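Take a look at the letters that make up each chain.
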Amino acid sequence: MISIFSNSLGKEEHHALEGVFASRWLGAGKECSLFEEAFARHLRVPAHNVLLLNSCTAAIYVGLKTLGVGPGDEVIIATVNFVACASAVLELGATAVFADVDQHTLNILPEEISRLKTPQTKVVIILHYGGHPAPMAEIIDACGPEIALFEDSANSVSSTYDGQPCGTFGAAAVWSFDAMKILSMGDGGALYLRNPVHTDIARSHRFLGLSGQTVSGKDAMAANRAKWWEYELDHLSGRFISNDIAAAIGRVQLQRLSGFIETRKRIWAYYQQALADVSALTLPPEPLPGCESSYYFYWLQMAPDQRDALAHYLSSEGIYTTFRYFPLHLVARYNAGVQLPNAEWVNATTLNIPLHQNLTEADIDKIVAAIKTFFASLA
Ligand SMILES: Cc1ncc(COP(=O)(O)O)c(C=O)c1O
């Protein structure tokens with residue numbers, strides 16, 4: 001089976017782990033701090049403002065909690081996104097308000113923010129779908145000064161809009177380093193908060209709500225603190241810290257990231273050219289002018305009655321496909337009770353085909369040939 005997502009872990013990551021094993025420190029330590037510093041350099045933001053957590057889901061939750069999202073607040077979410085976003089909003093007691101997307105980029109329509117915002121709107125969560133930057137100038141404009149912009153950058157680890165890294169435009173942003181992401185550490189997530197005071201609060205939420213003043217018993221004893229074994233809680237929270245095993249893998253992955261993106265961009269360009277003559281297909285748009293994508297997804301659009309048939313045919317040929325992301329307003333548990341026509345069209349017509357740095361030329365040729373055979377059989 002040709003898988004739809006894949007990661008590249010090799011000798012370099014293995015070697016980095018030897019250092020962690022030798023140190024006998026497996027928890028959140030030096031490697032986590034070094035990853036945070038390196039990722040902050042990659043984003044061109046201060047290291048203080050970047051936190052590594054054990055998943056992007058945790059980062060979304062901690063980020064929204066830090067921004068004070070709670071009962072009475074509304075959070076606008078692009079409906080094409082992962083359940084991690086909407087569930088965090090609802091768990092915090094706020095209301096999720098789903099926004100429609102552009103039919104072809106699958107990114108939020110800025111005019112949806114203007115349509116849906118109310119005095120209760122506290123945050124707008126956007127996604128840079130498939131790594132293609134969303135239209136940030138219009139989004140920032142629509143949010144205005146009162147609403148906090150929260151970028152889900154899980155698809156856009158290396159994307160830039162007008163030369164600026166995606167994820168650094170708003171009050172907060174998150175990245176995923178799970179097993180299916182371009183930069184993978186097994187599981188992991190990053191949280192960027194523009195306001196350094198927010199980062200301090202999030203740091204406490206990340207680790208059980210412990211006070212920033214809490215130091216280890218050893219350090220407290222060395223500092224002659226009387227009750228050196230006691231600790232303080234600033235908040236009630238869960239445990240969302242990462243560890244040095246994951247962070248060491250992530251640091252190597254970050255060094256290799258530009259190579260991964262180059263390969264993905266090459267495969268994207270090949271699909272664009274090789275599938276251009278299949279008239280039944282709408283191919284994905286290129287990134288907006290002045291933008292760089294991470295090329296996380298490649299997506300095809302076609303008539304609804306062809307989409308599932310193509311997916312089943314490709315599966316029978318050993319090619320795995322999927323559709324990301326099932327629109328959130330259609331998830332039964334959320335009981336949204338709204339219709340968003342573009343997202344519903346996308347849900348019926350869009351298919352993601354394999355795009356990752358481990359595809360061989362033979363794999364890509366096989367995928368293109370199978371798609372062409374399928375459509376030729378319909379003619
Ligand atoms: C867009 C998006 N946001 C958030 C997440 C959650 O990431 P994680 O698996 O690291 O918790 C994912 C994971 O698939 C995702 O694709």
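Fair warning: this is a prediction, and the values are worked out from it, not measured in the lab.

Q: Looking at this structure, I do not really get the side chain of Asn 107. What am I missing?
A: Along the chain, Asn 107 falls in the loop between strand E3 (95-99) and helix H5 (110-116). Residue Asn 107 is classed as buried on the basis of its relative accessible area, which comes to 2%. Each residue touching Asn 107, except ones within four places of it in the same chain, is listed here: Val 101, Asp 102, Leu 127, His 128, Tyr 129, His 132, Pro 133, Ala 134 and Pro 135.

Q: Can you help me understand the sheet that holds strand E6 (residues 160-161) in this one?
A: Picture the strands of a sheet paired through backbone hydrogen bonds; they go either parallel or antiparallel. Reading across from one edge, E7-E6-E10 is the order of the 3 strands in this open sheet, with antiparallel pairing throughout. Two strands lie at the open edges of the sheet, namely strand E7 (164-165) and strand E10 (291-292), each paired on one side alone. Inspection of the sheet shows E6 paired to E7 by 2 bridges, in the antiparallel sense. Residue pairing in the sheet places Tyr 161 in a bridge with Gln 164 of E7.

Q: Any chance you could explain helix H7 (residues 196-206) here in plain terms?
A: One turn of the α-helix equals 3.6 residues, which is why residues spaced by three or four share an orientation. Every buried residue of H7 is accounted for by Thr 199, Ala 202, Ser 204, His 205 and Arg 206. Looking at the buried side of H7, the elements it contacts are helix H2 (30-43), strand E1 (50-53), helix H3 (56-66) and strand E9 (189-193). You can read the cap of H7 off the contacts: a side-chain oxygen lies 2.8 Å from the backbone nitrogen of Val 197, and it is on Asn 195. Leu 208 lies just past H7 and shows a positive phi near 65°.

Q: What exactly am I supposed to notice about the packing of aromatic side chains here?
A: Summed over all chains, the structure comprises 22 aromatic pairs. Joined through ring pairs, the aromatic side chains of Phe 5, Phe 82, Tyr 129, Trp 268, Tyr 271, Tyr 295, Tyr 296, Phe 297, Tyr 298, Trp 299 and Tyr 325 make up one cluster.

Q: Would you mind going over the pattern of salt bridges with me for this structure?
A: Oppositely charged side chains may form a pair once their charged atoms are brought near each other. All told, the structure shown has 11 salt bridges when counted by the stated rule. Close ionic contact of Glu 13 with Arg 256 constitutes a salt bridge, the shortest N to O distance being 2.8 Å. Separated by 243 residues along the polypeptide, Glu 13 in helix H1 (residues 11-23) and Arg 256 in helix H9 (residues 244-274) bring together distant segments of the chain. A salt bridge links Arg 206 to Glu 36; the shortest N-O distance between them is 2.9 Å. With Arg 206 in helix H7 and Glu 36 in helix H2, the pair connects residues that are 170 residues apart, well separated along the chain. Summarising the burial analysis for this pair, Arg 206 and Glu 36 share the class buried.

Q: Would you mind going over the side chain of Glu 151 with me for this structure?
A: By secondary structure assignment, the location of Glu 151 is in strand E5 (residues 148-152). Here the side chain of Glu 151 touches His 128 through a polar contact of 2.8 Å, side chain to side chain. Within the structure, Glu 151 has its side chain in polar contact with the backbone nitrogen of Gly 170 (distance 3.3 Å). Glu 151 has contacts with Ile 126, His 128, Met 136, Cys 166, Gly 167, Thr 168, Phe 169, Gly 170, Ala 172, Ala 173 and Val 174, leaving out every residue within four places of it along the chain.

Q: Just to check I follow, could you spell out the site of the ligand for this structure?
A: Taken together, 15 residues surround the ligand, and among them Thr 57, Asp 152, Ser 176, Asp 178 and Tyr 325 come closest. Ser 176 is positioned with one of its side-chain polar atoms (N or O) 2.8 Å from an oxygen atom of the ligand. For the ligand, whose unbound accessible area comes to 390 Å², protein coverage reaches 92%. Among the residues forming the shell around the ligand, the class breakdown is 6 nonpolar, 6 polar and 3 charged.

About the thresholds
- Residues numbered from 1 in each chain as written.
- Predicted model: local features only at pLDDT ≥ 70, side-chain atom pairs only at ≥ 80, totals over all residues.
- Heavy atoms only, no water.
- Helix = DSSP H or I, 4+ residues; strand = E, 2+ residues; numbered from the N terminus.
- Buried < 20%, exposed > 50% of the residue type's maximum accessible area, 1.4 Å probe, protein only.
- Contact = heavy atoms within 4.5 Å.
- Pairing = 2+ DSSP bridges.
- Polar contact = N/O pair within 3.5 Å; in protein donor to acceptor, adjacent residues only side chain to side chain.
- Phe/Tyr/Trp six-rings, centres within 6.5 Å; stacked < 30°, edge-to-face > 60°.
- Salt bridge = Lys/Arg side-chain N within 4 Å of Asp/Glu carboxyl O.
- Near = heavy atom within 4 Å.
- Areas by Shrake-Rupley, 256 points an atom, 1.4 Å probe, with all protein chains shown as cover.
- Nonpolar A, V, L, I, M, F, W, Y, C, P; charged D, E, K, R; others polar.

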